[in-house]
Every structure is written in structure tokens, then in C-alpha cells.
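Here is how the chains run, residue by residue.
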Amino acid sequence: MTSGSMSGGVLGFILQDGSRITRATGHAQLVPEPRPMTEDIWFDLASVSNVIFATERILSHARNGRIDHDAPLVTLIPDLHLYHPDTAREQQFTVRQCLGYQTGLLPVFPIYTYGSDPDRLRAFVLQHEWPRRSAAYSCINFILIGIGLERLEGCRIRNMDLGLDLHFPVMSTSRRRPNTAISAGG
């Protein structure tokens, strides 16, 4: 926050005894008027499945020796930039770089505008020539991690056991949008 790359944040811990500690620092907003960050501000937890599912799952495979998280991602996804192997920097990305957002991939990209067929969208992600940017958050990093998990485990992410009795949304085949939310229990 001192460098200006972040305006503020909240950090929380749950200790082994169940007690909770939170700390807020900086600002929740700067425009139109500065507003201090407080511990009771709500945040959008988009991409939460990256943290509670994909990161843990891929690191578990690394701990168990099924993958080397410092090896190029093409060891999991051999068809990553299959048609331009000599010039594609994506072929050098490692799992560690994707997890740490160190690839320089775009923060967001409207992949959904290319249709709703999951296989076509995977092919697009795997063969698209992504512009180089400075390292920052990128959804594409975790799309690649997800494809790597699918290849490693031999099934689609939506069919994987999430643990903790959680489930991915059930998708309507006609609209490709969730018709139920991630849920516990049912």
C-alpha cells in the first residue's frame, strides 16, 4: 500500500482454538472521496474456487510427487500452443508461475464471447497467443491450472470431488449458466 499498488486490505485468521483475528489497513476507496478500510467491509470473493479448490488440489499433487510444479506446464498440457512450440512463451510457464500470477497473462479476457462449448473454449485458451503484460492477477492462469488438473486426474473439473461436501453448480445444457449455486450438504 505504501507503493500505491493497493489502496487497502483486510487480513483475517482463524486460530486453532477457533478465535478470530482481523486487521484492516489503508482505504476501501479513494474516489470520489477516500473511505478508510474497516474490518466489516464486504468483498466480492470471485475466483474463490481458485483458492479453496484448484490451488490446494494442484499443490497436493506436487506434494505427492505426481507433478513437478517447477516443470513447464506442457508436461501436464502437451497441446498448450501446439502449433507454435518454438515461439510460444506459454510453453515455458510453470505451475508455480501460474499459481503466483507470474506469467504476465491478461488479467481478464472475454472468453465467453467465443461461445459456450467447453471443448472449443479450452482449445481457444490453449492456442490463443496471449499478449505479454507485467505480472498481475490473471483468470487465465487458473484456467490453465484447471485444464492441467483435468488432464492429470482424467476428468472434468465439474466432476471432481471438491471435498467438504461442496459441489460445482449444475449447468443447464441450453444456457450454460448455473441453475444452482455451490452448496454444502445437498
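Cut-offs and rules
Each chain carries its own residue numbering, running from 1 in the written order of its sequence. The predicted origin of the model limits local features to residues at a pLDDT of at least 70 and limits the giving and counting of side-chain atom pairs to 80 or more, whereas totals for whole chains, interfaces and linings rest on all residues. Computation of side-chain values covers all heavy atoms of the structure but excludes hydrogens and water. Patches here are clusters of residues that have more than 30% relative accessible area and form no salt bridge, with a 9 Å joining cutoff for like charges and a 5 Å cutoff for nonpolar side chains (Val, Leu, Ile, Met, Phe, Trp, Tyr). Using the Shrake-Rupley algorithm and a 1.4 Å probe, accessible areas are obtained, with residue cover drawn only from the displayed protein chains. What counts as a salt bridge is simple: a side-chain nitrogen of Lys or Arg found within 4 Å of a carboxyl oxygen of Asp or Glu. In this description a helix means any DSSP run of H or I spanning at least four residues, a strand means any run of E spanning at least two, and both kinds are numbered starting from the N terminus. Think of it in three bands: residues with accessible area under 20% of the maximum for their type are buried, residues over 50% are exposed, and the middle band is partly exposed, with areas taken using a 1.4 Å probe on protein chains only. Note on pairing: two strands pair once DSSP finds at least 2 bridges between them. Lines fitted to the C-alpha atoms define the axes, with helices restricted to the stretch that makes contact. Angles between their N-to-C directions range from 0 to 180 degrees. Crossings are classed by handedness, with left-handed meaning an anticlockwise turn of the near helix from the far one by less than a right angle and right-handed meaning a clockwise turn. We call two residues in contact when some of their heavy atoms are within 4.5 Å. In this count, Pro and Cys sit with the nonpolar residues alongside Ala, Val, Leu, Ile, Met, Phe, Trp and Tyr, while Asp, Glu, Lys and Arg are called charged and the others, Gly among them, polar. In this description, a nonpolar core means a group of buried Ala, Val, Leu, Ile, Met, Phe, Trp, Tyr and Cys residues linked to one another through side-chain atoms lying within 4.5 Å. By this rule, a helix spans an expected 1.5 Å times one less than how many residues it contains.

**Observations regarding a nonpolar patch on the surface**
Then comes step 1: On the surface, a cluster of nonpolar side chains totalling about 350 Å² of accessible area is made up of Leu11, Phe13, Leu15 and Ile21.
Then comes step 2: By the secondary structure assignment, Phe13 is in strand E1 (residues 8-14).
Then comes step 3: Classification of Phe13 as partly exposed rests on a relative accessible area of 46%.

**Some thoughts on the sheet that holds strand E3 (residues 35-36)**
Then comes step 1: Across the sheet, three strands lie side by side as E1-E2-E3; this open sheet has antiparallel pairing. At either margin of the open sheet sits one strand with a lone partner, and together these are E1 and E3.
Then comes step 2: Here E1 runs beside strand E2 (residues 20-29); their pairing, made up of seven bridges, is antiparallel. Following the sheet pairing, Val10 is matched in E2 by Ala24.

**Here we look at the packing of helix H3 (residues 118-127) against helix H4 (residues 139-153)**
Then comes step 1: Look at H3 against H4: their axes get within 11 Å of each other, and the N-to-C directions meet at 115°. Our pair here, H3 against H4, has a crossing hand that is left-handed. Of H4, the residues touching H3 (which contributes Arg122, Val125 and Leu126) are Ile140, Ile143, Leu144, Ile147, Glu150 and Arg151.
Then comes step 2: Residues of the contact of H3 with H4, tallied by class, amount to six nonpolar, no polar and three charged.

**Let's talk about the nonpolar core**
Then comes step 1: One finds Ile58, Leu73, Leu76, Val95, Leu144, Ile145 and Leu149 to be the most contacted residues of the largest nonpolar core, which totals 31 residues.
Then comes step 2: When residues of this core are traced back to their parent elements, those giving at least two are helix H1 (48-63), helix H2 (95-99), H3 and H4.
Then comes step 3: No other element matches the seven residues that H4 contributes to this core.
Then comes step 4: In this structure Ile58 touches Ile67, Leu76, Val95, Leu99, Ile145 and Leu149, once residues within four positions along its chain are discounted.

**A short note on unusual backbone geometry**
Then comes step 1: Here Val31 and Pro32 are connected by a cis peptide whose omega angle stands at 0°.
Then comes step 2: Checked against the element boundaries, Pro32 lands in the loop between E2 and E3.
Then comes step 3: Of note in this structure, His81 is not a glycine but carries a positive phi near 50°.
Then comes step 4: Although it is not a glycine, Tyr101 sits at a positive phi angle of roughly 55°.
Then comes step 5: Looking at the secondary structure, you find Tyr101 in the loop between H2 and H3.
Then comes step 6: Overall, the relative accessible area of 21% leaves Tyr101 in the partly exposed class.

**Here's the deal with H4**
Then comes step 1: Its 15 residues place the ends of H4 21 Å apart at the C-alpha level, agreeing with the 21 Å of an ideal helix rising 1.5 Å per residue.
Then comes step 2: Counted residue by residue, H4 has eleven buried out of 15 residues, so it is predominantly covered.
Then comes step 3: Buried within H4 we find Ile140, Asn141, Phe142, Leu144, Ile145, Gly146, Ile147, Gly148, Leu149, Glu150 and Leu152.
Then comes step 4: Turning to H4, the residues buried within the fold contact H1, H2 and H3.
Then comes step 5: Gly154 sits one or two positions beyond H4 and adopts a positive phi of about 70°.

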